[in-house]
Amino acid sequence: MRKSGGAEKKRVRRSSGAVQNGTRDPSSDTPHMKQSTKKDVFQLFAEKVRDHKDLVSRWAVLQETRVEYFRGKDFVNFLKNHPELKDILEPNKSLEVEEIANTLLRKNLLVRCDRVVKTVRPGKKKFWPAHLEIFPDQVFSENDAFFAWTFVKRQPLWQTLLSFFWPVLTLAICLFPVYPHRCKVLILYACAGVLLLILSLLLLRATIFGALYIILGKRVWFFPNILAEEATLRELFRFWPKKDEEERPTWTARLFYAVVAMLVILLLRHHAPDEAARARYQKRMFNIIDDVLEWSPRLALSGMIEKQQTVVNATEPNNSFADGRKTNSEHSEQSGDEVFGNIDDVDQPQHEDHIQG
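Residues numbered from 1 in each chain as written. Predicted model: local features only at pLDDT ≥ 70, side-chain atom pairs only at ≥ 80, totals over all residues. Heavy atoms only, no water.

The name recorded for the chain in an unreviewed UniProt entry is Translocation protein SEC62, from Hevea brasiliensis. We quote the UniProt Sequence similarities (unreviewed entry) comment for the chain here in full: "Belongs to the SEC62 family." (UniProt positions renumbered as here; feature names shortened; annotations may be inferred.)

Caption draft 1: A look at the overall build of the chain. Helix and strand counts for the chain stand at 11 helices and 5 strands. Going through the 357 residues of the chain one by one, you find that 17% of them count as buried. Summarising the internal contacts of the chain: among those between residues at least 6 apart in sequence, 62% fall at separations of at least 24. Accessible area of the chain: about 28400 Å², with a carbon and sulfur share of 61%. (Helix = DSSP H or I, 4+ residues; strand = E, 2+ residues; numbered from the N terminus. Buried < 20%, exposed > 50% of the residue type's maximum accessible area, 1.4 Å probe, protein only. Contact = heavy atoms within 4.5 Å. Areas by Shrake-Rupley, 256 points an atom, 1.4 Å probe, with all protein chains shown as cover.)

Caption draft 2: The arrangement of the sheet that holds strand S4 (residues 131-134) in detail. Spatial strand order, S1-S2-S5-S3-S4: 5 strands in a closed barrel with mixed pairing. Shown here is a sheet whose adjacent strand axes are inclined to one another by a mean of 55°, direction ignored. In this sheet, strand S5 (residues 146-149) lies alongside strand S2 (residues 65-71) in antiparallel orientation, the contact comprising 3 bridges. By the bridge assignment for S5, Phe 70 is matched with Phe 147. (Pairing = 2+ DSSP bridges. Axes fitted to C-alpha atoms, helices over the stretch in contact; angles between N-to-C directions.)

Caption draft 3: Spatial organisation of the nonpolar core. Residues Phe 45, Val 49, Phe 75, Leu 104 and Trp 149 are the most contacted members of the largest nonpolar core, which totals 25 residues. Counting residues per element, the ones that place at least two in this core are helix H3 (41-51), helix H4 (72-81), helix H5 (97-106) and S5. If near-sequence neighbours (up to four positions away) are discounted, Leu 104 is found in contact with Phe 42, Phe 45, Ala 46, Phe 75, Leu 109 and Leu 110. If you look at the next biggest cluster of nonpolar residues, it comprises 9 residues, including Ala 60, Leu 132, Phe 146 and Ala 148. (Core = buried A, V, L, I, M, F, W, Y, C linked by side-chain atoms within 4.5 Å.)

Caption draft 4: Geometry of the packing of helix H7 (residues 181-215) against helix H10 (residues 275-294). H10 packs onto H7 with a crossing angle of 135° between their chain directions and a minimal axis gap of 9 Å. Judged by the inter-axis angle, H7 sits oblique to H10. Taken together, the residues of H10 that come into contact with H7 (itself represented by His 181, Lys 184, Val 185 and Leu 188) are Ile 289, Val 292 and Leu 293. For the contact of H7 with H10, a count of residues per class yields 5 nonpolar, 1 polar and 1 charged. (Parallel < 35°, antiparallel > 145°, perpendicular 65-115°, else oblique. Nonpolar A, V, L, I, M, F, W, Y, C, P; charged D, E, K, R; others polar.)

Caption draft 5: Here's a closer look at the UniProt feature "transmembrane region" (unreviewed entry) in the chain. When the UniProt feature table is mapped onto this chain numbering, "transmembrane region" (unreviewed entry) sits at residues 157-179, 186-216 and 251-268. Helix makes up 100% of residues 251-268 and strand 0%, whereas the separation of the span's terminal C-alpha atoms amounts to 26 Å.

Caption draft 6: Structural context of the side chain of Arg 115. Along the chain, Arg 115 turns up in strand S3 (residues 110-115). The residues contacting Arg 115, other than those within four sequence positions of it, are Lys 126, Phe 127, Pro 129, His 131, Leu 132, Glu 133, Asp 144 and Phe 146.

Caption draft 7: Layout of the confidence of the model for the chain. Per-residue pLDDT for the chain averages 75, and the proportion of residues at 70 or more is 69%. At the level of individual helices and strands, the chain shows its lowest average pLDDT in helix H2 (residues 30-37), which scores 40, and its highest in S5, which scores 94. Below pLDDT 50 for its whole length, residues 1-37 participates in 2 contacts with residues either more than four positions away or in separate chains. Within the model, pLDDT remains below 50 along residues 342-357, and this stretch shows 0 contacts once partners closer than five positions in the same chain are excluded. (pLDDT = per-residue confidence, 0-100.)

Caption draft 8: Local environment of helix H6 (residues 157-174). With 18 residues, H6 extends 27 Å from end C-alpha to end C-alpha; this agrees with the ideal 26 Å at 1.5 Å per step. For H6, the principal kink sits at Phe 165 and spans about 30°; a proline, Pro 167, occurs within the next four residues. Of all the 18 residues making up H6, 0 are buried; the element is thus mostly uncovered. (Expected span 1.5 Å × (residues − 1). Bend = angle between axes of the 7 residues up to and from the residue.)

Right under this line is the structure:
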């Protein structure tokens, strides 16, 4: 009995000490955890509005960061056409559009922006800007006001998978030299085909634009967003051109550009390379491509071994040449001594005959 009483006292002391040290029962923190994990209704509203397709938005650069933004008047028209989205706000669904936007601004879910370039060239109209800056007065307005989302948009599954695919693609590109010959040829022709398609598309696009501009005075760009930096993937492959809202060019400007185009064509034709130069360039390119396609680690190792052998073979003649020079010098010295000895032998009898005479 005394043991059980002592054990109970120890348990009470441990539990009281745990409370004093700041540790709580996890069951007591359950309401607080649920309250913290629950998202703000305005956060849910902002995510729902941003993911909706009917809100017209664009991408631009804000302080060296790409952001998605919309116009104030488009936000007002969007909520007028979709009032059911206000039900997400629950007790605040009776708020006006301006009050909702100001609440989003106070919660730092939106930020009001302005154009970096505020002056418009003569004959031009105001379009969606590509570069923005933060507006000093963070209050909602419909008149030429832009608002950018500040929170990170939830990525779909395919973007997550693509982020894991990029390192694999980079590694595959680095390992291109060790691929089999057929794979190298297939990749080469595929890349060359894509590059040729892009260049042909840009050339055809510019030709159509120039012809329609000179003949009819209309600005028609097929694939209008193909060179745009702020365009999304869906807008990038848009085929039909936008409506030409600019003023029609004068006939003098059209005539000037026609003359310039003719001069450029004649200049390129005059300085075009002849058949021999094209053949030499083609042969040089084929040699470079063959070197890339036929390279392999075995050839590289064999080439290194052959290079070492050539270095060894090049040093051996030098040694033999030095040895030959040494033997030749010794032989010449011996022959010189023999010659001088013969001369002395010949001169000695002549000297004796002279003395006897």
